[in-house]
Amino acid sequence: MGTARAIDRVIIAGAGPIGAILAYALRRRNIPVVLIEALAAPEIDCRAASCHPPTVAMIEELGLLEDGLDQGLVSPVFNYLDRVTGELIGRFDIEAMRERPAHPYVLQWEQYKIVGSVINRLASDSDADIRMSTRVVAVEQDADKVDVTVTTPDGGSEIISGRYLVGCDGGRSTIRKLVDIEFEGFTWPERFLKIDTRFDFFGLRPELSNRNYFSDPEEWLNLFKARGASGEGMWRAVSPTLPEQTDEELLSPEAVEARLQKFCPKPGRYEIATIALYKVHQRVAATFNHGRVLLAGDSAHVNNPVGGMGMNGGIHDAINLADKLQAIWFEGAEAQPLFDQYTRQRRKAQVDYVQAQSIQNKQTLGEKDPVERARKLDGIRRQSADPELHDAFIRRACLIDSLRDANATL
Ligand SMILES: Cc1cc2nc3c(=O)[nH]c(=O)nc-3n(C[C@H](O)[C@H](O)[C@H](O)COP(=O)(O)OP(=O)(O)OC[C@H]3O[C@@H](n4cnc5c(N)ncnc54)[C@H](O)[C@@H]3O)c2cc1C
C-alpha cells in the first residue's frame, strides 16, 4: 500500500473519450493530470462515431482536428427514410443552413480513434501520468484533497491524491456510486443490436448518405458509415430487439444475416465485423459535483444512441469543466460556486435537450400507431422542406441549441 501525498493535479478516472478529452484539455491549460484506466489498452469498439459541429469546433480548439479529418469522414447531410415504403422523408444539410456553423458537417470519427489520438499525444507529456490496468476502488475527500485508492497492474493497491477527481468512468460509474449520487431516469424494455459490416450500402442504395435514420413500426434502423480501422469503410446498423428475445436468438450468425438481408437483400452473405447488444437507458445524475468529486460523460448521463448525442454531450461537459478548473487553478476563482454552475449548465443540456431529443428521436422512428406515425413523418417532411424549420431541426439535432442554452445558464 503506497502513502497518500497531496499533489496539485486533477485525477481522472476512465480513459474513454471523455476522460481522454478532459485530460488533454487540462494539459492544454497547463494543469497536471493523472489519468487512470482499468483496461490495459483503450477499448476498440465502434460505439460513438458522430461528432456534431459544436464538438468539431472544440476538437479544433484542442488542436486535434487534423487527426479527426485524417481518420474520419466528413458528413454534412443526414437523411430520414420510411423503411416501409422506401421514401426519403427528409434530408437535412448542415452546409445549406443560412447561419452555418464554423464546421458545417458532422465528423464521423470513431471514439476509439479519438482516445488513441489523445493518448499518443499525452505519452510524452511528463505532467500527464497515464496509468493503464489500474482501477479506482475507493475515494475519500477532505478540505484540501481527494485520495483515490486504486488496484495496480501487479495486483497491489496504491493511494493517488489530487486536488479534484473527475469520474469519467462510464455509465456504470464506480465514482458515482462511491459518492452516492442518484442516477435518475429509466431503462427501455428492449435492447438495441449493433451490427458492423464492411459491406458498402452505397452500391445498392444510392439515396443514402453517411448518416441515415429509417422509421419502421416493426424494426426501425439507424445506418451510419464510419471510416473503419484502416480506412476501408465500416457501416454500423443499430436496430431494436424484442424484450423476450434471448442473446442466442439475436446473436447467431443466421439471425444477424437475416436481419441485414431483410433490410437490404443482396446476393451472398454480409461480411460482419462485430455485433453487440446494448441495454438502453435514459438517466441523468442528480448532481454532477460532490465536494471535490465531479462527474462527466456517461458517468453523469446516458441516453439512447438515436441521434448520436452521448459522447458529444460528454465532450461538452469536459470542455466546460476544463474552463472552470482553469479559472480555479490560475485565476483564484472559488471552486464550489463554479462546480455548482457546472452541474446547472450541463444538467440543463442533458435534461432539456439530449434526453428530450433522444427520446423523441426513438419515438419518431419506432412509432406504431399509424395515425401518429403519419403525423410524425409529415412533421419531418415539413421541417426538411421549410428552410427555417430545416435549420431549427439541425440546431436541435446537432446540439447547437443545447450548448448555447447551457452556457447561458448562470
Ligand atoms: C451503439 C452506440 C452508438 C453510439 N453512437 C454515438 C454517437 O454516434 N455519438 C455520440 O455522441 N455518442 C454515441 N454513443 C454514446 C457513446 O458511446 C458514449 O456516450 C461514450 O462512450 C461515453 O464516453 P465516456 O468516456 O463517458 O465513457 P466510456 O466510453 O464508457 O469510458 C469509460 C472508461 O472508464 C473505464 N473505467 C470504468 N470503471 C473504471 C474504474 N473503476 N477505474 C478506472 N477506469 C474505469 C472504462 O474501462 C472505460 O475505458 C453511442 C453508444 C452506443 C451504445
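Provided above is the structure to which this section pertains.
Residues numbered from 1 in each chain as written. Predicted model: local features only at pLDDT ≥ 70, side-chain atom pairs only at ≥ 80, totals over all residues. Heavy atoms only, no water.

(A) The arrangement of the site of the ligand in detail. Inspection of the region around the ligand gives 31 residues, with Glu-37, Gln-111, Asp-298, Met-311 and Asn-312 positioned closest. A distance of 2.6 Å separates an oxygen atom of the ligand from a polar side-chain atom of Glu-37. Isolated, the ligand exposes 1000 Å² of accessible area, and the fraction of that covered by the protein chains is 90%. Counting only elements with at least two residues in the shell around the ligand, the list comes to α1 (17-28), β9 (135-141) and α8 (310-331). Considering each element in turn, the shell around the ligand owes the most residues, 3 residues, to α8. (Near = heavy atom within 4 Å. Polar contact = N/O pair within 3.5 Å; in protein donor to acceptor, adjacent residues only side chain to side chain. Areas by Shrake-Rupley, 256 points an atom, 1.4 Å probe, with all protein chains shown as cover. Helix = DSSP H or I, 4+ residues; strand = E, 2+ residues; numbered from the N terminus.)

(B) Layout of the sheet that holds strand β11 (residues 157-162). Reading across from one edge, β9-β10-β11 is the order of the 3 strands in this open sheet, with antiparallel pairing throughout. If you trace the sheet from one side to the other, it starts and ends with β9 and β11, each paired once. In this sheet, neighbouring strand axes are inclined to one another by 25° on average, regardless of whether the strands run parallel or antiparallel. Strand direction decides the pairing type here: strand β10 (residues 146-151) and β11, joined by 6 bridges, are antiparallel. When the bridges of β11 are listed, Thr-149 appears paired with Ile-159. (Pairing = 2+ DSSP bridges. Axes fitted to C-alpha atoms, helices over the stretch in contact; angles between N-to-C directions.)

(C) Highlighting the sheet that holds strand β17 (residues 234-240). Taken together, the 7 strands give an open sheet; going across it, the order is β6-β5-β15-β16-β17-β14-β18, and neighbouring strands pair in mixed fashion. Each edge of the open sheet is held by one strand with a lone partner, namely β6 (88-93) and β18 (272-278). Averaged over all pairs of adjacent strands, the angle between strand axes in this sheet comes to 15°, irrespective of strand direction. Here strand β16 (residues 221-226) runs beside β17; their pairing, made up of 5 bridges, is antiparallel. Note that in β17 the partner of Leu-223 across the bridge is Ala-237. Seen against the sheet, helix α10 (residues 370-385) touches β5 (77-82), β6 and β15 (211-215) and runs at an angle of roughly 35° to β6. (Contact = heavy atoms within 4.5 Å.)

(D) Region of the structure containing the packing of α1 against helix α4 (residues 111-122). Orientation of α1 relative to α4, taken along the N-to-C sense of each, is 35°, at an axis distance of 9 Å. When the axes of α1 and α4 are compared, the crossing they make is left-handed. On the side of α1, the interface is formed by Pro-17, Ala-20, Ile-21, Ala-23, Tyr-24 and Arg-27, while α4 contributes Gln-111, Ile-114, Val-115, Val-118, Arg-121 and Leu-122. Here the residues of the contact of α1 with α4 sort into 9 nonpolar, 1 polar and 2 charged. (Left-handed = near helix turned anticlockwise from the far one by under 90°. Nonpolar A, V, L, I, M, F, W, Y, C, P; charged D, E, K, R; others polar.)

(E) Highlighting the state of the cysteines. Applying the stated criterion to the full structure yields 0 disulfides. Take Cys-398: it sits in no disulfide, and the sulfur closest to it among the cysteines is that of Cys-51, at 11 Å. You can call Cys-398 buried: its relative accessible area is 0%. (Disulfide = S-S within 2.5 Å. Buried < 20%, exposed > 50% of the residue type's maximum accessible area, 1.4 Å probe, protein only.)

(F) Summary view of the pattern of salt bridges. Under the criterion given, the structure shown has 34 salt bridges. Arg-27 is the salt-bridge partner of Asp-125, the closest N and O atoms lying 2.6 Å from each other. On the criterion of sequence distance, the pair formed by Asp-125 in the loop between α4 and β8 (128-131) and Arg-27 in helix α1 is long-range, its members being 98 residues apart. For the pair Asp-125 and Arg-27, one class covers both residues: buried. The partner of Asp-196 in a salt bridge is Lys-194, with the nearest N and O atoms 2.9 Å apart. The burial state of Asp-196 is the same as that of Lys-194; both residues are buried. Within the structure, one salt-bridge network assembled from shared partners comprises Arg-83, Asp-216, Glu-219, Arg-259 and Lys-262. (Salt bridge = Lys/Arg side-chain N within 4 Å of Asp/Glu carboxyl O.)

(G) Structural view of the packing of aromatic side chains. Applying the stated criterion to the full structure yields 20 aromatic pairs. The interplanar angle of 20° and the centroid separation of 5.4 Å between the aromatic rings of Phe-78 and Phe-92 together place this pair among those described as stacked. Pair noted here: Phe-78 is in strand β5 and Phe-92 is in strand β6, with a separation of 14 residues, a long-range link. When the ring of Phe-202 is compared with that of Trp-235, the centres are 4.9 Å apart and the planes differ by 80°; the resulting orientation is edge-to-face. Highlighted residues: Phe-202 in the loop between β14 (192-197) and β15 and Trp-235 in strand β17, separated in sequence by 33 residues. Of note, Arg-163 hangs over the ring of Trp-329, and the distance from its end group to the ring centre comes to 4.0 Å. Directly above the aromatic system of Tyr-270 lies the positively charged group of Lys-266, at a separation of 4.8 Å from the ring centroid. (Phe/Tyr/Trp six-rings, centres within 6.5 Å; stacked < 30°, edge-to-face > 60°. Lys NZ or Arg CZ within 6 Å of the ring centre and 35° of its normal.)

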